[in-house]
Amino acid sequence: MDLRVFTEPQQGATYETLLRVAKAAEELNYGAFFRSDHYLHMGAVDGLPGPTDAWITLAGLARETTRIRLGTLMTAGTFRLPGVLAIQVAQVDQMSGGRVELGLGSGWYAEEHAAYGIPFPKEKFGRLEEQLAVVTGLWNTPVGERFNYDGTYYQLSDSPALPKPVQARVPVLIGGHGARRTPALAAQYADEFNIPFASLADTERQFARVRAAAEDRGRRADDLVYSNALVACVGKTDAEVKRRAEAIGRDVDELKANGLAGSPAEVVERISAFRAVGSQRMYLQMLDLDDLDHLALIASDVMPQLS
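Below: a short report on this structure. This structure is a prediction, so every number in the text was calculated from the model and none was measured.

The rules we used
- Residues numbered from 1 in each chain as written.
- Predicted model: local features only at pLDDT ≥ 70, side-chain atom pairs only at ≥ 80, totals over all residues.
- Heavy atoms only, no water.
- Phe/Tyr/Trp six-rings, centres within 6.5 Å; stacked < 30°, edge-to-face > 60°.
- Helix = DSSP H or I, 4+ residues; strand = E, 2+ residues; numbered from the N terminus.
- Buried < 20%, exposed > 50% of the residue type's maximum accessible area, 1.4 Å probe, protein only.
- Core = buried A, V, L, I, M, F, W, Y, C linked by side-chain atoms within 4.5 Å.
- Contact = heavy atoms within 4.5 Å.
- Pairing = 2+ DSSP bridges.
- Right-handed = clockwise from strand over helix to strand, strands pointing away.

Centre-to-centre distance and the angle between the planes together describe a pair of aromatic rings. What the rule picks out here adds up to seven aromatic pairs. On the basis of an interplanar angle of 15° and a centroid distance of 4.5 Å, the ring pair of Y39 and F79 is categorised as stacked. Note that Y39 is positioned in the loop between β2 (32-35) and α2 (54-64) and F79 in the loop between β4 (75-76) and α3 (82-96), a separation of 40 residues in sequence. The pair Y39 / F79 is uniform in exposure class, with both members buried. Note on F147 and Y149: the rings are 6.4 Å apart at their centroids and 10° apart in plane angle, and the pair reads as stacked. Judged by relative accessible area, F147 falls into the buried class, the value being 10%.

See below:
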């Protein structure tokens, strides 16, 4: 089970805070540092000092880390044109020496679009399908050849399809709860399928849909990595768990029901249950980014039991 750190900087974090977390995650041997792609906070927080851009953040981290993989859960398709996104991701992959992964979603948070003047189209899923075709098509076009695309939403003409990532194939993550179109899209484009904040039953059901969709396309279902994203709240004592839950404005019982909460032994048991239904990778949503001891505890008391 690969444990990865997943952050939500729109809730209030500077680049320096994210850098500290990423460096700690690297030193503690987590598999990756991922972040959300949002420009507006959610819930009862002020979001100060304000949002940071996902790919600018990852570009900085690419130069200030050496081993840990870097990526997004999920880049919002509404924020960037696909040709520009292909350039951005390829450049950050070069800057990192080939450590980037692209999670790409359709975008959903209408309020942040309104707050920053970003168009929020009605037909988002169809755009996502074309974005994936364009981004992967640009990367896969051999050097010296040209890429053309004539879609409903995007048209590219005589593109040199440059620059190229360092990796022969940048891992593409697709995720969600959709029963039909999401599994089909994952089967066509994804290297990893991620289901966020899901129960064991929903996880097992959605993984089965994706596996079936992959086989329908002539892919081996095991060619994809299957992963979850869940909030983490771990403590050596009940008091420590309660303190960490209160710091993020959550209830311990709710976290135990819907996330990864409790003692290290409880969390190992919970993650093992997800592994039993097919999960191979866990993105730990860390909401208190100043609590580096939390990362250290999981690395010392949870990670070894899952290796």
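Another aspect to go through is the nonpolar core. L3 and Y30 are the most contacted members of the largest nonpolar core, which totals 76 residues. With eight residues, the single largest contributor to this core is helix α5 (residues 125-140). Those residues within four positions of Y30 in sequence are excluded, and the remaining contacts are L3, R4, V5, A25, R67, I68, L284, L295, I298, A299 and M303. Listed in part, the eight residues of the second largest apolar core include V231, C233, V241 and A261.

Once that is clear, we can look at the pairing of strand β3 (residues 69-72). Here β3 shows a buried face lined by R69 and G71 and a second buried face lined by L70 and T72. Note that β2 and β3 share four bridges and pair parallel. Following the sheet pairing, A32 is matched in β3 by R69. Read as a crossover between parallel neighbours, the route from β2 over α2 to β3 is right-handed. Examined bridge by bridge, β3 and strand β5 (residues 100-105) share two bridges and lie parallel to one another. Looking across to β5, one finds that L70 is bridged to V100.

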